[in-house]
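Okay, here's what each chain looks like letter by letter:
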Amino acid sequence: MENIKHASIVDEKTTASETGGDVSIVSASASVSVSEGPEFDEKATKRLLRRIDFHILPIMCFICLLCFLDRANIGNARLDNLESDLHLVGLQYNDCLAVLFPFYIAAEIPSNIMMKRMSPSTWLSFIMFAWSACIVGQGFVKNYQGLMATRALLGLFEGGFFPGINFYITQWYRRDECGVRMAVIFSCATFAGAFGGLLARGIAEMSGVGGLSAWSWIFIIEGLASIVVSVVAYWAIYDYPTSAQFLTAAEHHEVERRLAADSGPLSNDFDVKYVWQALADWKIYIHMLINMAGFCPVYSFSLFLPTIIKDMGYSADNAQLMSVPPYVLACLFTIGGSRLADHYRQRGVFLLGFQLVAVLGFSLLAASGNPTIQYTGTVFAAIGIYPQIPLGVAWNGNNIGGSLKRATGIAMQVMGGNCGGIIASYVYLTPDAPRFVTGHGILIGFIGMAFMLTLFMTTWCRRENARRDVIAREAVTQELTVEQKMLERELADGVSWFRYTV
């Protein structure tokens, strides 16, 4: 087995640099299959990518916007008398936040496998329609039990979305191109936070219409908008490059050639053994912990920011409006950071930088009771936490070979992240108001853990790439048998020519 792993062909003498990480040594079996047909020049490739972006990203961004709007709008509804109308006491509001995540987590891996089995357009539009119906139903609940039930169903159907779109992007773009696309899509989560505050402020004027409170209309209006988009999404989502009608025959071939050249001749078969490969890969579990420590502050922030700002001394209406600027800045840094990470083909160092900014933000929130300093802290916190998610998910996806293993690994990572959502639901407790020092301290601890794990992973990836470079230089060039080539393609990122993104 080890000899086969080390017997990759090095005709091209291509070695991934220690800092690049995204460049792979492609075996001869791959180079033959991807060299057929004319290769696009740089100008034609950029035109092709713009064409794909135009057809793929807008609908994904819009769905992401509505997904996070639907998930986090309960934080805005809380300011419009949700708790008093439903007679929630003690930790019941926090329970309603937390119940979403176990069902969300349980759905993630099966959902990605179903999307691989079916098609992205069918599966994503179905789960979106289902979660949107749950949001509409949430607007008509009358008590704690009803809210718990609708939140649980929301988690069950929303669970497949985020791992699904991240896997979907890897089916269209090379590894060094995925990060900025994921960031553009995820930036809609920050825009959802900003837009949610503005929308909630406007919907508040509907209080009493139809005998319903303002918080009911927040759920109903946003849920109905998502239902409409879910129907449109079925026709708007293109499944895979091979079936995309907007591409010419030459463009079809070029997309496939670029993906094969980027990831090598690894298997794309639907075989359960690749699921087991992902479940046995220790690196994915490290990324699950990093993602958990990233999502915990993101969920805490999105669910409780209006409350935190209100407890600084602002009115409910002003708190809704003042929650907008931190999200806008977070959106800009999310896209900018991932664009630079793609350009330099590095993830770890950017994650480390944003983690330090997040620690600064929550430290300002914990250390001072001055509203100006606290609000500045919310800005730094938002800038620090939101870019971590697309950077981390892209990093994990870049470093998993083979499509089914990658689909499973991404779902595992997001599953780990949503374990952070359960914790986030209990970080900011009412007795800790108005300073929430304990909550801020908990989040600083989680971000510190993420920093140490990120530092470990980027160091390990650099050393492993260097070790594989040595093996490649020392390997004796020899032609592999058909059996060896078939075995090699099943080893995923374990093959010696695979290079990790650092």
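Residues numbered from 1 in each chain as written. Predicted model: local features only at pLDDT ≥ 70, side-chain atom pairs only at ≥ 80, totals over all residues. Heavy atoms only, no water.

A. Examining the overall build of the protein chain more closely. A count of helices and strands for the protein chain gives 22 helices and zero strands. The buried share of the protein chain, taken over its 502 residues, is 59%. Summarising the internal contacts of the protein chain: among those between residues at least 6 apart in sequence, 84% fall at separations of at least 24. (Helix = DSSP H or I, 4+ residues; strand = E, 2+ residues; numbered from the N terminus. Buried < 20%, exposed > 50% of the residue type's maximum accessible area, 1.4 Å probe, protein only. Contact = heavy atoms within 4.5 Å.)

B. Up close: a nonpolar patch on the surface. Together, Phe 129, Val 231, Tyr 234 and Trp 235 give the surface a local cluster of nonpolar side chains, amounting to about 460 Å² of exposed area. Looking at the nonpolar patch, the element that brings in the most residues is helix α11 (residues 214–236), giving three residues. Its place among the elements puts Val 231 in helix α11. (Patch = residues over 30% accessible without salt bridge, like charges linked within 9 Å, V, L, I, M, F, W, Y side chains within 5 Å. Areas by Shrake-Rupley, 256 points an atom, 1.4 Å probe, with all protein chains shown as cover. Salt bridge = Lys/Arg side-chain N within 4 Å of Asp/Glu carboxyl O.)

C. Structural context of the side chain of Ser 111. Note that Ser 111 resides in helix α6 (residues 100–117). Not counting residues within four places of it along the chain, the set of residues in contact with Ser 111 comprises Trp 123 and Gly 160.

D. Layout of the packing of α6 against helix α9 (residues 161–170). Packing of α6 against α9 brings their axes to within 8 Å, and their N-to-C directions diverge by 35 degrees. In terms of crossing hand, the pair formed by α6 and α9 is right-handed. For the pair α6 and α9, the contacting residues are Tyr 104, Glu 108, Asn 112, Met 115 and Lys 116 in the first and Phe 162, Pro 163, Gly 164, Phe 167 and Tyr 168 in the second. (Axes fitted to C-alpha atoms, helices over the stretch in contact; angles between N-to-C directions. Left-handed = near helix turned anticlockwise from the far one by under 90°.)

E. Representation of helix α19 (residues 388–398) in the model. Burial of α19 is extensive: 11 of the 11 residues sit out of reach of the surface. Every buried residue belonging to α19 is among Gln 388, Ile 389, Pro 390, Leu 391, Gly 392, Val 393, Ala 394, Trp 395, Asn 396, Gly 397 and Asn 398, and all of these are buried.

F. The arrangement of helix α13 (residues 272–279) in detail. Along α13, the positions that sit buried rather than exposed are Tyr 274, Val 275 and Ala 278. The arc enclosing the buried residues of α13, seen along the axis, measures out at 105 degrees, which places them on a common side. Exposed and facing more than 90 degrees away from the buried side of α13 are Val 272 and Trp 276. On its buried side, α13 packs onto α6, α14 (282–310) and α20 (403–424). (Arc of directions from axis to C-beta.)

G. Examining unusual backbone geometry more closely. A cis geometry characterises the amide bond from Ala 433 onward to Pro 434, with omega recorded as 5 degrees. One non-glycine residue, Arg 345, lies in the positive phi region at around 55 degrees. One can find Arg 345 in the loop between α16 (324–344) and α17 (348–367). Although it is not a glycine, Phe 436 adopts a positive phi angle of roughly 55 degrees. Look at Phe 436 and you get buried, because its relative accessible area is 4%.

H. The arrangement of the packing of aromatic side chains in detail. The full count for this structure, using the stated rule, is 24 aromatic pairs. Seen in terms of ring centroids, Phe 68 and Phe 162 are 6.4 Å apart; in terms of plane orientation they differ by 85 degrees. Their pairing is edge-to-face. With a gap of 94 residues between them, Phe 68 in helix α3 (residues 42–78) and Phe 162 in helix α9 connect regions that are remote in the sequence. Classification of Phe 68 by relative accessible area gives buried; the value is 9%. (Phe/Tyr/Trp six-rings, centres within 6.5 Å; stacked < 30°, edge-to-face > 60°.)

I. Spotlight on the pattern of salt bridges. Throughout the structure, instances matching the rule amount to 17 salt bridges. Between Glu 42 and Lys 46 there is a salt bridge, with the nearest N and O atoms lying 3.5 Å from each other. Note that Glu 42 and Lys 46 are positioned in helix α3 at a spacing of four residues, about one turn of the helix. Judged by its relative accessible area of 58%, Glu 42 falls in the exposed class. By relative accessible area, Lys 46 is classed as partly exposed at 44%. Salt bridges sharing partners connect three or more residues here, namely Arg 174, Asp 176, Glu 177, Arg 258 and Arg 345.

J. Layout of the state of the cysteines. Scanning the entire structure with this criterion turns up zero disulfides. Among the cysteines around Cys 188, which has no disulfide bond, Cys 61 carries the closest sulfur, lying 3.9 Å off. Given a relative accessible area of 12%, Cys 188 falls into the buried group. No disulfide involves Cys 331; its sulfur sits 7.0 Å from the nearest other cysteine sulfur, which is in Cys 188. Residue Cys 331 is classed as buried on the basis of its relative accessible area, which comes to 16%. (Disulfide = S-S within 2.5 Å.)

K. Representation of the environment of Pro 306 in the model. In this fold, Pro 306 is placed in helix α14. In sequence terms Pro 306 and Asp 317 are 11 residues apart; their C-alpha atoms lie 9.5 Å from each other. With sequence-adjacent residues up to four places away left out, Pro 306 is seen in contact with Gly 75, Asn 76, Leu 79, Ala 319 and Gln 320.

L. Broad picture of the packing of α17 against helix α18 (residues 371–385). α18 packs onto α17 with a crossing angle of 160 degrees between their chain directions and a minimal axis gap of 7 Å. As summarised for this structure, α17 and α18 are arranged roughly antiparallel, according to the angle between their axes. α17 and α18 meet at a crossing whose hand is left-handed. Residues Phe 354, Gln 355, Val 357, Ala 358, Leu 360, Gly 361, Phe 362, Leu 364 and Leu 365 of α17 form the contact with α18, whose own contacting residues are Ile 373, Gln 374, Thr 376, Gly 377, Thr 378, Phe 380, Ala 381, Ile 383, Gly 384 and Ile 385. (Parallel < 35°, antiparallel > 145°, perpendicular 65-115°, else oblique.)

M. Spatial organisation of the nonpolar core. With 112 residues, the main nonpolar core has Met 60 and Ile 63 as its most contacted residues. Grouped together as the second largest cluster of nonpolar side chains are 14 residues, Ile 290, Leu 351, Met 457 and Cys 461 included. (Core = buried A, V, L, I, M, F, W, Y, C linked by side-chain atoms within 4.5 Å.)

N. View of the environment of Gly 402. Tracing the backbone shows Gly 402 in the loop between α19 and α20. Taking C-alpha positions, Gly 402 is 8.0 Å from Tyr 274, a pair spaced 128 residues apart along the chain.

O. Fine view of the confidence of the model for the protein chain. A residue-level look at the protein chain finds 86% of positions with pLDDT of 70 or above and a mean pLDDT of 83. A low-confidence stretch, residues 1–36 (pLDDT under 50), is modelled with 81 contacts involving residues beyond four sequence positions or located in other chains. (pLDDT = per-residue confidence, 0-100.)

P. The arrangement of the environment of Ser 302 in detail. As for its position among the elements, Ser 302 is in helix α14. Accessibility expressed as a relative area gives 15% for Ser 302, which makes it buried. Leaving out residues up to four positions away in the same chain, Ser 302 has contacts with Ala 72, Tyr 327 and Tyr 386.

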